[in-house]
Amino acid sequence: MTDIDPEDAKLVTLARSVRARNGAAEGAAVRDLDGRTYNASTVSLPSLKLTALQAAVAAAVSSGAEGLEAAVVVTEHTAVDAESLAAVRDLTPTGPVFLANTSGEVRERV
């Protein structure tokens, strides 16, 4: 799957960038209903563990987002994990969640 909306392609770029910058296993980005974007990487602390998508959703919610238009996770995994998808679905039951590989190629739309 390579044809995605230009706004969603921007999310892929943001997710790839934060993953590379932090040397993390995953990077993620979300866009809220006002068009604001939030990105995050995997959080792995002794007292706190979040997937990149959970962290991006948390950033959006803590900034006042009431819903999401779209989400992207960049990972070497072949599927979006259930916990990450659940965090997105808390804010949007039907918005697209794109899974991209580390090269930025979108592999799946959930």
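Structure shown above.
Residues numbered from 1 in each chain as written. Predicted model: local features only at pLDDT ≥ 70, side-chain atom pairs only at ≥ 80, totals over all residues. Heavy atoms only, no water.

## A word on the pattern of salt bridges
Point 1. Counted according to the given criterion, the structure contains six salt bridges.
Point 2. The partner of Glu 76 in a salt bridge is Arg 19, with the nearest N and O atoms 3.7 Å apart. On the criterion of sequence distance, the pair formed by Glu 76 in the loop between β5 (68-74) and α3 (82-89) and Arg 19 in helix α1 (residues 6-22) is long-range, its members being 57 residues apart.
Point 3. The class for Glu 76 is exposed, based on a relative accessible area of 62%.
Point 4. For Arg 19, a relative accessible area of 18% corresponds to the buried category. (Salt bridge = Lys/Arg side-chain N within 4 Å of Asp/Glu carboxyl O. Helix = DSSP H or I, 4+ residues; strand = E, 2+ residues; numbered from the N terminus. Buried < 20%, exposed > 50% of the residue type's maximum accessible area, 1.4 Å probe, protein only.)

## Description of empty space enclosed by the protein
Point 1. This structure, assessed with the given rule, holds one cavity of 30 Å³ or more.
Point 2. Approximately 30 Å³ is the volume attributed to the largest cavity.
Point 3. Tallied by class, residues from the lining of the largest cavity come to three nonpolar, two polar and two charged. (1 Å grid on protein atoms, 1.4 Å probe; cavity = no way out; pocket = protein on both sides within 12 Å on 5 of 7 lines; lining within 4 Å. Points joined across faces, edges and corners; volume = space filled by probe spheres on them. Nonpolar A, V, L, I, M, F, W, Y, C, P; charged D, E, K, R; others polar.)

## Remarks on the side chain of Arg 19
Point 1. At a separation of 3.2 Å, a polar atom in the side chain of Arg 19 contacts the main-chain carbonyl oxygen of Ala 25.
Point 2. Sequence-distant contacts of Arg 19, that is, excluding residues within four places in its chain, are made with Ala 24, Ala 25, Glu 26, Gly 27, Val 74, Glu 76 and Thr 102. (Polar contact = N/O pair within 3.5 Å; in protein donor to acceptor, adjacent residues only side chain to side chain. Contact = heavy atoms within 4.5 Å.)

## Re the packing of helix α2 (residues 52-62) against α3
Point 1. Closest axis-to-axis distance for the α2/α3 pair is 8 Å, and the angle between their directions is 20°. By the angle class used here, α2 and α3 are roughly parallel. The handedness of the crossing between α2 and α3 is left-handed. Side by side, α2 and α3 meet where Leu 53, Gln 54 and Val 57 of the first sit next to Glu 83, Ser 84, Ala 87 and Val 88 of the second. (Axes fitted to C-alpha atoms, helices over the stretch in contact; angles between N-to-C directions. Parallel < 35°, antiparallel > 145°, perpendicular 65-115°, else oblique. Left-handed = near helix turned anticlockwise from the far one by under 90°.)

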